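Architecture and fold: a report
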Amino acid sequence: MARVFNFGAGPATLPEAVLTEAQRELLDFGGTGMSIIESSHRGKAYSAVHEEAVANYRQLLGLSAEYAVIFVAGGASMQFAMVPLNLLGEGHTADYVHTGAWAGKAIKEAKRVGAVHIAADTSEAVPARIPTPADLDLTPGAAYVHLTSNETIAGSQWKGFPDTDAPLVADMSSDILSRPFDVERFALIYAGAQKNLGPSGIALVVLRRDLAERASGSLPAMLRYATYVEHDSLYNTPPTFSIYLMMLYSRWTLKEGLAALHARNVEKAARLYAAIDGSDFYTGTVAKECRSDMNVTFRLPSDELEALFMREADAQGLTGLKGHRSVGGLRASLYNAFPSAGVDALVSFMKAFESRRG
Ligand SMILES: *Cc1c(COP(=O)(O)O)cnc(C)c1O
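The structure contained in this document is the topic of the report that follows. All of these numbers come straight from a predicted model, not from anything done at the bench.

**Observations concerning unusual backbone geometry**
In this model, Gly10 is joined to Pro11 through a cis peptide bond whose omega is -5 degrees. The residue Pro11 is located in the loop between strand E1 (5-6) and helix H1 (16-24) in this model. Following Val126, the chain continues into Pro127 via a peptide bond in cis, with omega recorded as -5 degrees. Looking at where Pro127 falls in the secondary structure, it is placed in the loop between strand E4 (115-121) and strand E5 (145-148). We note that Leu177 has phi near 65 degrees; this positive angle belongs to a residue other than glycine. The backbone phi angle of Asp232 is positive, close to 50 degrees, even though this residue is not glycine. Topologically, Asp232 is positioned in the loop between helix H5 (225-230) and helix H6 (240-256).

**A few points about the pattern of salt bridges**
Considering all chains together, one arrives at 20 salt bridges under this definition. The salt bridge involving Arg179 is made with Asp175; its shortest N-O contact spans 3.0 Å. Considered together, Arg179 and Asp175 belong to a single accessibility category, that of buried residues.

**Some points on the environment of Ala94**
Mapped onto the secondary structure, Ala94 falls in strand E3 (residues 93-98). A sequence separation of 98 residues divides Ala94 from Gly192, and the C-alpha atoms of the two residues are 22 Å apart. With residues up to four places along the chain from it excluded, the contact list for Ala94 reads Leu88, Ala115, Val116, His117 and Tyr144.

**A short note on the sheet that holds E3**
Taken in spatial order, the seven strands make up an open sheet running E2-E10-E9-E8-E5-E3-E4, and their pairing is mixed. Of all strands in the sheet, those with a lone pairing partner are strand E2 (67-73) and E4, marking the two edges. Between one strand and the next, the sheet's axes are offset by a mean angle of 20 degrees, whatever the strand orientation. Summarising the sheet, E5 and strand E8 (residues 168-171) pair through four bridges and their orientation is parallel. Each bridged residue has a counterpart across the sheet, and for Leu147 the counterpart in E8 is Ala170. Sheet strands in contact with helix H2 (residues 44-61) are E2 and strand E10 (202-208), and its direction is about 125 degrees off that of E2. On top of the sheet, H6 reaches E2 and E10; it is set at about 70 degrees to E10, its chief contact.

**A few points about the packing of helix H7 (residues 258-277) against helix H9 (residues 340-357)**
Geometrically, a packed helix pair is captured by the angle between its two axes and the distance between the axes. At a minimum axis separation of 10 Å, H7 and H9 run at an interaxial angle of 5 degrees. Between H7 and H9, the angle falls in the class roughly parallel. Across the interface between the two elements, Glu267, Lys268, Arg271, Leu272, Ala275 and Ile276 from H7 touch Ser340, Val343, Asp344, Leu346, Val347 and Met350 from H9. A per-class count over the contact of H7 with H9 returns seven nonpolar, one polar and four charged.

Cut-offs applied
Residues numbered from 1 in each chain as written. Predicted model: local features only at pLDDT ≥ 70, side-chain atom pairs only at ≥ 80, totals over all residues. Heavy atoms only, no water. Helix = DSSP H or I, 4+ residues; strand = E, 2+ residues; numbered from the N terminus. Salt bridge = Lys/Arg side-chain N within 4 Å of Asp/Glu carboxyl O. Buried < 20%, exposed > 50% of the residue type's maximum accessible area, 1.4 Å probe, protein only. Contact = heavy atoms within 4.5 Å. Pairing = 2+ DSSP bridges. Axes fitted to C-alpha atoms, helices over the stretch in contact; angles between N-to-C directions. Parallel < 35°, antiparallel > 145°, perpendicular 65-115°, else oblique. Nonpolar A, V, L, I, M, F, W, Y, C, P; charged D, E, K, R; others polar.

Any functional reading would require information beyond the geometric quantities listed.
In structure tokens:
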């Protein structure tokens, strides 16, 4: 059976090597005579997996001892709530940069918890864009500043990050480990795993240890960062199979190397943007300097042509190109694991479709 080119935004394509390895050791993990799924989360076999995952992320992100790496169930959406629940104390304000649908969801949750100030709002901009650091109206003494490094739905991405006095918090769900960056500028980073890290339903959270102590005493244990930090994400039974898959993926990421992955990601996206820009039939939807290397969004002249494009592409094994239901259009997600050959196939298909229907 042939694997398709999966352009889906998330859950997204995984490295084939990761899937094959998981398949190979599914029934008997490392000579234990059982699957890792069936293994105790306190046992030797799983402990080694858990520790390697943490160590790999520490290495990939270049983390100092000041930072903790934790795994939290509930994906990025749970972090929309946990960030303010832990960091936004009463009488304080959190600054949020509103860049699109995902930032909007984070803002909605934060407002349930406390005072939120919108430091800049480009969520309705056409073409889509990210604010410049000069656009930001930051609150002196803010509890933290929150941004969304890559707006998966709009297809826009921060190319550099602002300097802030308040702790900087980022939702990096759709571009974490896609490029090297200076982690020390951030106080907390979270990412739903289903784009660049593994399966859905779990988030990787990297946070400065001092921040874990900020939450009020009344916050339940499972919602407190301190619980995860103190117990190394093993206070309860964690999603062990998901963490195992993340470990395999992090191994692959280490082997490929962040710099090489970044170069490949830039090259993949550039080839697709060149195909869009070189045609009057396809139109990009994002200001050029803010275009995402992960999610390439574009339109065709009509909804009918877009529907036809997707149907025909799908029949050729190019799947998951439908834009998010809230914005329509097309979206090609080109995460770390997405092969370069898939971009070639899409660009050829685009040329052929245009000459037939353009
Ligand atoms: C996918 C995504 C989310 C939501 O992730 P869930 O794991 O479904 O909660 C949040 N933020 C961004 C930027 C995303 O791309």
